[in-house]
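Coordinates in review
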Amino acid sequence: MASLTRKRFQDSFFLIIAIIILAIVQFFVPSYYRFILTLIFIYGIFAMGLDLLIGYTGLLSFGHALFFGMGAFFFAFASRFYGFWPALAIGVIVATLVAAGVGAVSIRTRGVYFAVITFIFAYVAFYIALDPSLYTITGCNDGFNFLPPPISFGFFEVAYEPASLYYLCLAFLLLSYFVCKTIVNSPFGRVMLAIRENETRASCLGYNTTIVKLASFTFSGMFAGLSGALFAYLYHYVNAHMLSLEVSANAVVWVLLGGPGTLVGPILGAGIVTLFLDYVMTHIGEFHLILLGILLIIVIIFLPRGIMGSLKVGYLWRRRK
Amino acid sequence: MATEKVILRTEKLTKAFGGLIAVNNLNLTIPEGEVRAIIGPNGAGKSTLLLMIIGMLKPTEGKIFFKDKDITGLPPYKVFRLGISATFQTSNIFPNLSVYENIWIAAQSRCKGKMNPLIHHRRLKDVEDRVERILKRLNLKDLAEEPAGKLSHGDQRVLEVGLALATDPDLLLLDEPTSGMSPKEAAEMAKLIKELSKEVSIVLVEHNMDVVMRVADKITVLDKGKILAEGTPKMISDNRRVQEVYLGG
C-alpha cells in the first residue's frame, strides 16, 4: 500500500501546483486570454462530465449538447426572475431531469445505436428550438441576450466582471473535478469500469447494470447542464446552436483527444481544441474544422489513448523497467 | 432423499428455439454439496440449460428452483445476487483492468454499499481481505498488477474461477473450465475444482472426461435435451448406451 500512498501524494502535489498556476496566471495574460481560459474551464466541466460516460462507463453519446443547451436556456429564462444561484440551480436541475429521461430510453440500446439515439434526441431538440413559432421563447438563430444576474453571497455581492467570472468558473471546475474524482474512485465507479470492460460479466456478478448506466448518463448530463449554464452566464446570451451536433461532437473530441478515462485529460483536450481553434480562426481563417479533423486523426493514430492516457501508460512503462 | 437439502432443481424445464427443442422436459435435482458433471455430445442442451439457470435465456416452459426459491425468469443480476456464480465458455473477464481490480469488482458485489458513489472503494469493509485470500488461493498473487487481458489463456480461466469465487457463492456453475487448456493446466484446474467442492456445490459442464471422472460425484448425461443416464462416474462409464452416443462405443 506504500506505493498507493505515494501515488496519492504525487497526485495531490500536481493538483496543488495546477491550482496555484491557474489561480495566478490570469494576472499575467492579456484580458482576451483570460476570457479564453474562463471558457476552457466551462468546457472542461462539460468534457469531464462526458468522460464519466465515455471513458468510465464506455458509452459514447453524441447528444450531450441537449443537456448543455438545457442548462443554458433554463439559466437564461430563470435569470429574468431570480438571482444567480437559483437560476443556476434551475438550469442544472432541468438539464439533469432531461438527461435522466433521455438516458432511460437510450440505454436500452448498445454501441452505435446508443450514439445514434442520443444524437437524434439532441437533433430533435435543436430543430424545435429553431422553429419560428418559438421565436419569442428561444430566439431561434438570433438567440437572445439577457441581463446577467449578480452573484450574491448573502451579505455581499460579486460584480459581473471578467476576473470574478474567471474565479467563479475555476471554482466550479475544481468542485466538479472533486465530485467526478469521488465518483470514479467509489465502489460505484468500479462498477462503471466493469460495465465498460464487459457488461455481461458485470451483470453476472449481481450488478444491476441498467441502473449504473442510467446514473452515469444522468451524472454526465448534470455536468453538461452546469457547463451550459455557466456558458450562458459568461456570454449573457443563448441561441439554438448550443444544442447543435457541432457542440455534441466537439465535446466528444475533447474527451478522445485528451484521454478518455482520465478526467484531467478531457479538460486538457477542451483547452487544446479551444486554443487551437482560436489560433487557426484568427490566423488562417476558413479551414478551422478541416485542421481540427487532421489534428484529431493524428492524435487517434499516434496516441490512441489520448494525450493523458498515453502519458499515463508511458509513465507506468518507465517505472516498471 | 428427504434428509438431503436440494440446492438446484428444475421442473419440466423446456427450451425451444423455433422448431428445435434444445432442452426437453428436464427434471434435474442437485443436492447441496455435490459436484454434478453434465456431459453430452454437442447440441445436447448443456449450455442452454446453464443459460436458463442464470437467467440469460427464458425457458419456454417449466421452472427452476434455487434452494426452493423459484428463480424462473429472473434477470441475471438478480439470480447472481442469490448466491449463484458462474464461469463461461469463453473467457469473460475485465480485460483492461488489473487482476486485482477484476477480483475486487467481484468481491465488492456481495458487500453493503457496493453501489455507493460517495466513498472511496478501498473503504468498503472486508473486500481487501477477500481479494487477498483469493489471489493467494489461486496463485495469482504475482500477476495481481497485470492487466487481465495480458494473461495466458490458462491464467485467464483461473482468474474467471476467481471472479466466481469472490462473490462467495453457494452454487458454482462452471461451463467448460478446461477448454483450450494444456493437459497440465487442465489437471491443475481439476485439482482446484476438487478443492472447491469441499465448500460449494458445483455444476460442471465439461468435455474433458479425465477431469469429469476425477471431480464429479455424480454425472448427468444429456442427449437431445433429455437425460440419457444419471449416476456415479463408475455407473456412467459402464453404461452401454452412454458409450454408444457419447464415449464413442
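Just so it is clear, the model here is predicted, and its values are computed rather than measured. (Residues numbered from 1 in each chain as written. Chains lettered and ligands numbered in written order. Predicted model: local features only at pLDDT ≥ 70, side-chain atom pairs only at ≥ 80, totals over all residues.)

What follows is about the interface of chain B and chain A. The interface of chain B with chain A comprises 29 residues on the first partner and 22 residues on the second. Every element with two or more residues in the side of chain B that touches chain A is listed here: α2 (76-81) and α3 (99-108) of chain B. (Contact = placed C-beta atoms within 7 Å. Helix = DSSP H or I, 4+ residues; strand = E, 2+ residues; numbered from the N terminus.)

Turning next to the confidence of the model for chain A. With 97% of its residues at a pLDDT of 70 or more, chain A has an overall mean of 92. Helix α3 (residues 65-78) of chain A holds the highest mean pLDDT among the elements of chain A, 98, whereas helix α14 (residues 306-320) of chain A holds the lowest, 75. (pLDDT = per-residue confidence, 0-100.)

Among the nonpolar cores identified, the biggest contains 175 residues, and Ala47, Leu66, Ala72 and Phe75 of chain A together with Ile103, Leu173 and Leu204 of chain B are the most heavily contacted of them. In terms of residue count, the dominant contributor to this core is helix α2 (residues 31-57) of chain A (15 residues). Counting only domains with at least three residues in this core, you end up with domain 1 (1-83 + 169-183 + 191-249) and domain 2 (91-162) of chain B. Contacts of Ala72 of chain A, omitting those with residues within four sequence positions, involve Gly91, Gly228, Ala229, Phe231, Ala232, Val238 and Met242 of chain A. (Core = buried A, V, L, I, M, F, W, Y, C linked by C-beta atoms within 7 Å. Buried ≥ 20, exposed ≤ 12 C-beta atoms within 10 Å, placed from the backbone. Domains from an automatic or database assignment.)

The next point concerns the sheet that holds strand β8 (residues 201-205) of chain B. All names here are of chain B. Taken together, the 6 strands give an open sheet; going across it, the order is β6-β7-β8-β3-β9-β10, and neighbouring strands pair in mixed fashion. For this open sheet the edge positions go to β6 (84-87) and β10 (226-231), each flanked by a neighbour on one side alone. On average, each strand axis in the sheet is inclined to that of its neighbour by 20°, with strand direction left out of account. Across 4 bridges, strand β3 (residues 35-39) lies against β8 in parallel orientation. Paired with Arg36 across the two strands is Val203, which belongs to β8. Here helix α5 (residues 153-166) sits on the sheet in contact with β6 and β7 (171-175), set at roughly 170° to β6. (Pairing = 2+ DSSP bridges. Axes fitted to C-alpha atoms, helices over the stretch in contact; angles between N-to-C directions.)

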